[in-house]
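Here's the letter readout for the chains.
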Amino acid sequence: MDTGTRGETDRPEWVGLPGGLRGVRRLLLVLWTVPLTVVTGVSLGLAAGPWWAVLAVFWPAVLAWGWVLIGRNWRSWRYAERADDLLISRGVLWREETVVPYGRMQLVEVTSGPLERRFGLASVQLHTAAAATDARIPGLAPAEAERLRDRLTALGEARSAGL
């Protein structure tokens, strides 16, 4: 996968996240809201009467709202490899763009929790000297995460050698 800038232009070529992250987050949303709907409906129906059980529709409304928000949030994540730094952009209402110079990177980690491993996902975590500038790219395919880690590590070593 070729990423980054080409030629003389300094315009980054943005790469979005694969759809697996969106799917996992939506699955978790469903796994939380469906049982909450059932428990709320049954408990209110038994304790206060069937008309109160109608309040259980709150959870399907949360599911619908969360479904849309997860999609919007997933689309907002992207990254670009440039000649001297890595750009990470995210956010829907509050856009956040992080620029991590290769020479400032101290550690690049690939992490994958049990749920991420189950769905074939991994995250790349970038650590710099300043704790506030640590950056993360979630939901990558493990091969892409390892490729990115190796590339960033090599570029970081090359750039820091010149300091």
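Here the structure is shown first, and the text comes after it.
My aim in this report is to walk through the structure given alongside it, one point at a time. Everything numeric here is computed off the predicted structure, so don't read it as measured data.

Parameters at a glance
- Residues numbered from 1 in each chain as written.
- Predicted model: local features only at pLDDT ≥ 70, side-chain atom pairs only at ≥ 80, totals over all residues.
- Heavy atoms only, no water.
- Helix = DSSP H or I, 4+ residues; strand = E, 2+ residues; numbered from the N terminus.
- Buried < 20%, exposed > 50% of the residue type's maximum accessible area, 1.4 Å probe, protein only.
- Contact = heavy atoms within 4.5 Å.
- Pairing = 2+ DSSP bridges.
- Phe/Tyr/Trp six-rings, centres within 6.5 Å; stacked < 30°, edge-to-face > 60°.
- Lys NZ or Arg CZ within 6 Å of the ring centre and 35° of its normal.
- Axes fitted to C-alpha atoms, helices over the stretch in contact; angles between N-to-C directions.
- Expected span 1.5 Å × (residues − 1).
- Core = buried A, V, L, I, M, F, W, Y, C linked by side-chain atoms within 4.5 Å.
- Salt bridge = Lys/Arg side-chain N within 4 Å of Asp/Glu carboxyl O.

## What about the overall build of the protein?
Looking only at helices and strands, the protein has 4 helices and 7 strands in total. Start at the N end of the protein and walk to the C end: the helices and strands fall as β-α-α-β-β-β-β-α-β-β-α. Residue burial in the protein is summarised as follows: out of 163 residues, 33% are buried. Taking the contacts inside the protein whose residues are at least 6 apart along the sequence as the reference set, 48% of them involve residues at least 24 apart.

## Observations regarding the environment of Val 62
Tracing the sequence through the fold places Val 62 in helix 2 (residues 58–76). Taking the C-alpha atoms as reference, Val 62 lies 9.0 Å from Leu 29; in sequence the two are 33 residues apart.

## Concerning the pairing of strand 6 (residues 122–128)
Within strand 6, 6 of the 7 residues are buried, which leaves the element mostly enclosed by the surrounding structure. With 6 bridges connecting them, strand 5 (residues 105–111) and strand 6 associate as antiparallel partners. Paired with Glu 109 across the two strands is Gln 125, which belongs to strand 6. Pairing analysis gives 4 bridges linking strand 6 to strand 7 (residues 135–140), with the strands arranged antiparallel. Within strand 7, the residue paired with Ala 122 across the bridge is Leu 140.

## Observations concerning the packing of aromatic side chains
Going through the model one piece at a time under the given rule, you end up with 1 aromatic pair. Ring centres 4.8 Å apart and planes at 75° place the aromatic pair Phe 58 and Trp 59 in the edge-to-face group. Here Arg 78 stacks its cationic end above the ring of Trp 14, 4.1 Å away from the centre of that ring. Across the ring face of Phe 119, the terminal group of Arg 118 is positioned such that the distance to the ring centre comes to 5.8 Å.

## Some remarks on the sheet that holds strand 7
Read from one edge to the other, the open sheet built from 3 strands follows the order 5-6-7, with strand pairing classed as antiparallel. Because the sheet does not close on itself, it has two edges, and the strands there are strand 5 and strand 7. Each neighbouring strand pair of the sheet contributes to a mean axis angle of 15°, computed without reference to strand direction.

## Focus on helix 1 (residues 20–48)
Taking 1.5 Å per residue as the helical rise, helix 1 with its 29 residues ought to reach 42 Å, and the 41 Å between its terminal C-alpha atoms agrees with that figure. Of all the positions in helix 1, only Leu 21, Val 24, Arg 26, Leu 29, Thr 33, Thr 40 and Gly 41 are classed as buried. Contact partners of the buried residues in helix 1: helix 2, helix 3 (114–118) and strand 7. Gly 49 occupies a position one or two residues after helix 1 and carries a positive phi of about 115°.

## Describing the nonpolar core
If you look at the biggest cluster of nonpolar residues, it comprises 22 residues, and the most contacted ones within it are Tyr 79, Leu 86, Ile 88, Leu 126, Ile 137, Leu 140 and Leu 152. When residues of this core are traced back to their parent elements, those giving at least two are strand 3 (85–90), strand 5, strand 6, strand 7 and helix 4 (142–161). Among all residues touching Leu 140, those that are not within four sequence positions of it are Leu 17, Pro 18, Tyr 79, Gly 120, Leu 121, Ala 122, Val 124, Ala 145 and Leu 148.

## Here's the deal with the pattern of salt bridges
Within this structure, the stated rule accounts for 6 salt bridges. One salt bridge in this structure joins Glu 81 and Arg 147, with 2.9 Å as the shortest N-O distance. Of the two residues, Glu 81 is situated in strand 2 (residues 78–81) and Arg 147 in helix 4; the sequence distance between them amounts to 66 residues. Look at Arg 147 and you get partly exposed, because its relative accessible area is 25%. As a salt-bridge pair, Glu 144 and Arg 147 come within 2.9 Å of each other at their nearest N and O atoms. Of the two residues, Glu 144 and Arg 147 are both situated in helix 4; the distance of 3 residues between them amounts to about one turn of the helix. Here the residues in one salt-bridge network are Glu 81, Glu 144, Arg 147 and Arg 151, joined through shared partners.

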